[in-house]
Amino acid sequence: VAILTAMALRIFAGGVLTAMLLASLLATGLSAQTGDNRPDYQIKAAFLFNFAKFVEWPPGSFKNPTDPINLCVLGVTLVGRALEDTVRNKLVDGRALAVRELTNVHQAADCQILFVSVSEQKRLRAIIDASKFSDVLTVGETDTFIAEGGVVAFNLDNGRIHFDINLQAAQLERLRVSSKLVSLATSVRKAEK
Amino acid sequence: MAPRNVFFLSILCLAITPPAACQLAAPADLADATLEELLNVTVTSVSKREQRLGKTAASVYVITAEDIRRSGLSLLPEILRLAPGVQVARSSSGSWAISIRGFNDDSANKLLVLVDGRSVYKELTAGVDWDTQTIPTGDIERIEVIRGPGAAMWGTNAVNGVINIITTSAETSQGGLVTAEGGSAPELGVRVRYGGQIGSNAYYRVGVQGSDAAAFTSTDGQKPPHGWTNLGANFRLDWDASPRDSILLSGNVFHSEVGHQYPTQPANNPFPALLDAPATSTGGSFLGRWEHRFSEQSDATGQISWERSTTADPLVSRGDDILTLDFQNHTTAGERQELTWGLNFRDALYTFPDPTVRPPPFLYSALRIPNVNDAVFAVFGEDQIALVQEKLEFIAAVQVSHNSFSGLEVQPTARLLWTPTTNLSSWLAVSRAVRTPSIYERSFDSIVTATPIEPPLFGLVHLTGDPNLRTETVVAYEAGQRLQIGPRFSLDASAFYNVYQHLASVTTGTPVFLPASGQLPPYLEIPTVFGNRRYGESYGGEASATFKASRRWKLASGYSMVLIHTRSYPGIFSDDSLRTAGGSPEHEFQVHSYLDLTSKIQLDSGVYFYGAMPALGVPRHLRADVRLGWRPSEKWEFSAGVQDALDPNHLEYISSRFSQLVEVPRNVYGKATWRF
């Protein structure tokens with residue numbers, strides 16, 4: 001009998017708790033407020049938009065003065081979707097921003113920024129080699145990205161997203177990185193003279 | 001129990017960033033945020049609590065995945081040594097006694113242990129079966145150790161501490177991982193894990209592991225036949241169902257066989273003989289959690305977990321069937337108050353198949369435990385009030401629970417946290433917590449040992465439980481201080497004074513002479529009964545310091561002290577039912593050095609001092625561990641080391657539950673890890 005009572009209790013308690021959870025979800029509903037905690041893909045997207053402001057591409061990168069700045073995203077990630085929301089109706093130096101999600105590095109020919117998701121970690125070297133000397137700001141999110149020759153790498157530090165810069169790689173890509181961006185980087189790999 | 005943010009709610013920011021950063025909230029639209037603002041936005045996917053633990057009104061220590069990796073330790077119970085104030089003592093190759101702030105025993109009954117919010121404390125023995133907690137060390141993200149009562153948040157039995165083991169999310173364990181290790185102890189362990197992605201926002205990982213350890217040698221030089229073997233498999237799925245909803249599903253199955261020595265009854269001899277036999281446990285658990293964020297200030301979590309296992313040894317076999325439901329809601333009220341409340345229901349059913357019938361009065365012949373169902377329903381609430389914003393916080397919390405055995409329990413806490421500067425914080429706390437009697441203490445009934453009196457007369461000790469036992473209570477007074485001096489040195493110290501009432505006791509009654517009858521010789525039956533006839537107090541503290549000597553060299557040290565005095569209430573003299581004062585060293589000390597010789601080679605060492613336990617006859621022990629790690633590439637890691645370099649064999653603990661007396665040997669080991 002004790003066991004039967006217990007089973008009944010379990011079922012009852014389970015029902016009550018589920019109901020409470022649902023009720024509380026519905027009641028509070030979508031009273032959205034914003035604070036200073038965000039999913040990492042939103043923060044990374046906002047960084048990528050900022051990078052577009054603080055990097056100058058070499059003359060000839062854009063065929064037309066009205067060409068958009070192409071922000072490309074390679075690999076499985078939510079950053080591309082967040083980036084579209086971030087750059088909608090935004091201009092940098094009078095240029096619009098276009099987000100392109102790529103499936104393959106060979107589609108990156110006219111990208112100004114190439115974000116490489118962690119999902120591409122195994123192919124990292126090939127991706128970076130393929131994008132060398134093509135005037136593209138490569139941005140990664142793994143520890144090895146800079147060592148492999150990428151330009152900017154995000155890292156997570158105490159729950160915040162920071163970034164490292166490889167000026168040597170930026171030089172190869174003929175990019176001019178503003179001193180402000182450099183000063184905010186956690187670590188900087190110096191360019192060769 | 002669901003993750004409880006409670007203590008950890010506001011001040012955290014200060015712990016890890018310069019003060020100005022904390023006030024810098026990002027604008028509603030991240031697209032308009034400046035770079036400086038972006039650098040200060042915290043990432044939601046990282047647990048809030050982790051950041052908050054740095055400054056809480058409780059004595060908290062966190063063992064990180066990096067600490068675990070660099071310690072070279074590969075078994076969960078051993079890893080707990082890294083937290084100052086956790087008393088870890090190994091009594092065989094597969095059994096440990098682990099406690100916080102004393103009262104250590106095979107079933108240390110005042111320490112609550114949770115794995116991803118699921119309590120693994122068993123009401124049956126009032127303790128944790130450490131041999132079945134075989135979480136692969138590579139799957140542990142961090143271990144939060146709360147020294148002192150945590151009952152207002154975590155529930156009953158969190159009397160002297162809480163250990164909260166948090167496993168890595170599937171998102172951060174993508175790809176393959178193979179770990180193999182072998183040692184002289186001897187230990188052999190293999191672990192394979194693979195993590196992948198389903199769609200764009202769900203991740204999974206699956207893993208299998210096995211380990212085998214031969215029995216440790218007895219103090220008399222014998223090698224028992226059964227060591228410790230365990231096999232397990234687990235999975236975890238993390239799904240961000242929407243930007244506001246996270247779902248976690250995880251589960252595991254395990255099989256563990258650990259050798260012990262059991263007292264058994266030889267024919268025609270009242271005195272027990274020792275039988276080497278394994279205790280076998282097979283089981284599994286499942287956990288589901290749904291977390292919904294209404295806003296940055298408000299979230300709700302629902303969690304369900306279920307565990308089922310069977311355990312059998314020569315004395316008793318049992319089945320455990322435990323269901324837990326949790327709900328928690330966290331929200332703010334005005335600018336100054338943070339509220340958390342929740343509900344918890346736990347139903348633990350312990351079943352015992354019919355024991356083999358043996359005629360009394362022989363050992364364990366009368367061990368009859370009825371099937372027991374313990375149900376606990378609890379409500380808790382916490383209010384964290386900023387008396388002076390950013391400077392002074394008052395935290396009040398209470399848990400009111402009803403359990404089917406002892407009825408209503410009220411477990412409150414009041415805490416004050418003062419953070420005059422970002423580098424200094426002080427806290428004070430007063431809490432009450434209770435420990436409910438174990439099922440054994442309530443319904444045990446058996447002859448447990450024989451004692452010679454005057455040949456041919458002998459005595460048999462008949463131990464019985466008391467169904468009217470009451471809960472043990474503690475009122476704990478605590479204080480603590482955290483100090484950061486420059487970027488390199490930090491210090492964390494806490495002190496406590498605990499007053500215990502109704503501590504579990506055993507009382508010996510008047511022996512009864514039973515004349516020879518049938519084939520039985522005459523004997524004295526010595527009745528002993530569990531009770532609550534002890535009280536006392538304990539005091540002590542913990543301190544830990546870290547010093548970052550350079551970018552490549554870090555030192556960490558810890559010290560803990562616990563002194564316990566217990567007495568019998570006036571009237572009939574009663575003894576402690578646990579080795580209250582004698583079960584843990586009064587002083588423990590440890591220091592670790594983590595040195596990066598190059599970017600690929602690490603040399604790590606640790607020295608631990610454990611004071612003597614004179615009541616057990618365990619001498620003091622100095623332990624030294626050294627580890628050399630080499631990471632030639634991201635994919636490979638090799639390490640080799642020695643544990644207990646100074647001592648080939650030492651006695652670490654004497655089990656109260658089993659009869660073995662074994663020495664823990666030195667371990668020389670090698671380990672390889674391959675990621676793909």
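1. Let's talk about the overall build of chain A
From N to C terminus, chain A includes six helices and 11 strands. Taking all 193 residues of chain A together, 50% fall into the buried category. In chain A, the proportion of contacts linking residues at least 24 apart, taken out of those at least 6 apart, comes to 57%. Working note: accessible area of chain A is about 9700 Å², and carbon and sulfur atoms make up 55% of it.

2. Some words on the sheet that holds strand S8 (residues 161–167) of chain B
Residue and element names in this part refer to chain B. Taken together, the five strands give an open sheet; going across it, the order is S2-S7-S8-S5-S6, and neighbouring strands pair in mixed fashion. Edge positions in the sheet fall to strand S2 (59–64) and strand S6 (118–119), since each has one partner strand and no second. Note: S2 against strand S7 (residues 140–147), six bridges, orientation antiparallel. Bridge pairing in S7 places Val62 opposite Glu144.

3. Concerning the packing of aromatic side chains
Under the definition given, this model contains 19 aromatic pairs over all chains. With centroids separated by 5.3 Å and ring planes inclined at 75°, the aromatic side chains of Phe51(A) and Phe163(A) adopt a geometry described as edge-to-face. Here Phe163(A) lies in strand S9 (residues 160–166) and Phe51(A) lies in helix H2 (residues 40–54), a separation of 112 residues in the sequence. The exposure classification of Phe51(A) matches that of Phe163(A), with both residues buried. Every member of this aromatic cluster is reached through a ring pair, and the members are Tyr194(B), Trp630(B), Trp636(B), Phe638(B), Trp674(B) and Phe676(B).

4. Details of the side chain of Ser119(B)
Residues and elements named next belong to chain B. Mapped onto the secondary structure, Ser119 falls in strand S6. Judged by its relative accessible area of 6%, Ser119 falls in the buried class. In this structure the side chain of Ser119 is engaged in a polar contact, spanning 3.3 Å, whose partner is the backbone nitrogen of Tyr121.

5. Looking at the environment of Ala46(A)
By the secondary structure assignment, Ala46(A) is in helix H2. Remark: the alpha-carbon pair of Ala46(A) and Ala130(A), spanning 84 residues in sequence, is separated by 26 Å. Here Ala46(A) is in contact with Thr86(A), Leu30(B) and Leu38(B), once residues within four sequence places are set aside.

6. Topic: the state of the cysteines
Residues and elements named next belong to chain A. The tally for this structure, following the rule as stated, stands at one disulfide over all chains. Residue pairing for Cys72: its cysteine sulfur links by disulfide to Cys111, the two sulfurs lying 2.0 Å apart. Judged by the torsion about the S-S bond (-95°), the Cys72/Cys111 disulfide is left-handed. Separated by 39 residues along the polypeptide, Cys72 in strand S3 (residues 69–74) and Cys111 in the loop between strand S5 (95–102) and strand S6 (113–116) bring together distant segments of the chain. Given the relative accessible area of 2%, Cys72 is considered buried.

7. A look at the environment of Gln399(B)
All names here are of chain B. Considering the arrangement of structural elements, one finds Gln399 in strand S19 (residues 392–403). On the accessibility criterion, Gln399 (2% relative accessible area) is buried. Distance in space between the C-alpha atoms of Gln399 and Phe380 is 4.1 Å, their sequence separation being 19 residues. Here the side chain of Gln399 touches Ala151 through a polar contact of 3.2 Å, landing on its backbone oxygen.

8. Some points on the environment of Ser200(B)
With respect to the helices and strands, the residue Ser200(B) is situated in the loop between strand S10 (187–198) and strand S11 (202–213). By relative accessible area, Ser200(B) is classed as partly exposed at 28%. C-alpha of Ser200(B) to C-alpha of Trp239(B): the two residues are 39 residues apart in sequence and 9.4 Å apart in space. Ignoring sequence-local partners within four residues, the contact set of Ser200(B) consists of Val76(A) and Leu78(A).

Calculation rules
- Residues numbered from 1 in each chain as written.
- Chains lettered and ligands numbered in written order.
- Predicted model: local features only at pLDDT ≥ 70, side-chain atom pairs only at ≥ 80, totals over all residues.
- Heavy atoms only, no water.
- Helix = DSSP H or I, 4+ residues; strand = E, 2+ residues; numbered from the N terminus.
- Buried < 20%, exposed > 50% of the residue type's maximum accessible area, 1.4 Å probe, protein only.
- Contact = heavy atoms within 4.5 Å.
- Areas by Shrake-Rupley, 256 points an atom, 1.4 Å probe, with all protein chains shown as cover.
- Pairing = 2+ DSSP bridges.
- Phe/Tyr/Trp six-rings, centres within 6.5 Å; stacked < 30°, edge-to-face > 60°.
- Polar contact = N/O pair within 3.5 Å; in protein donor to acceptor, adjacent residues only side chain to side chain.
- Disulfide = S-S within 2.5 Å.

Read these as spatial facts, not as claims about activity.
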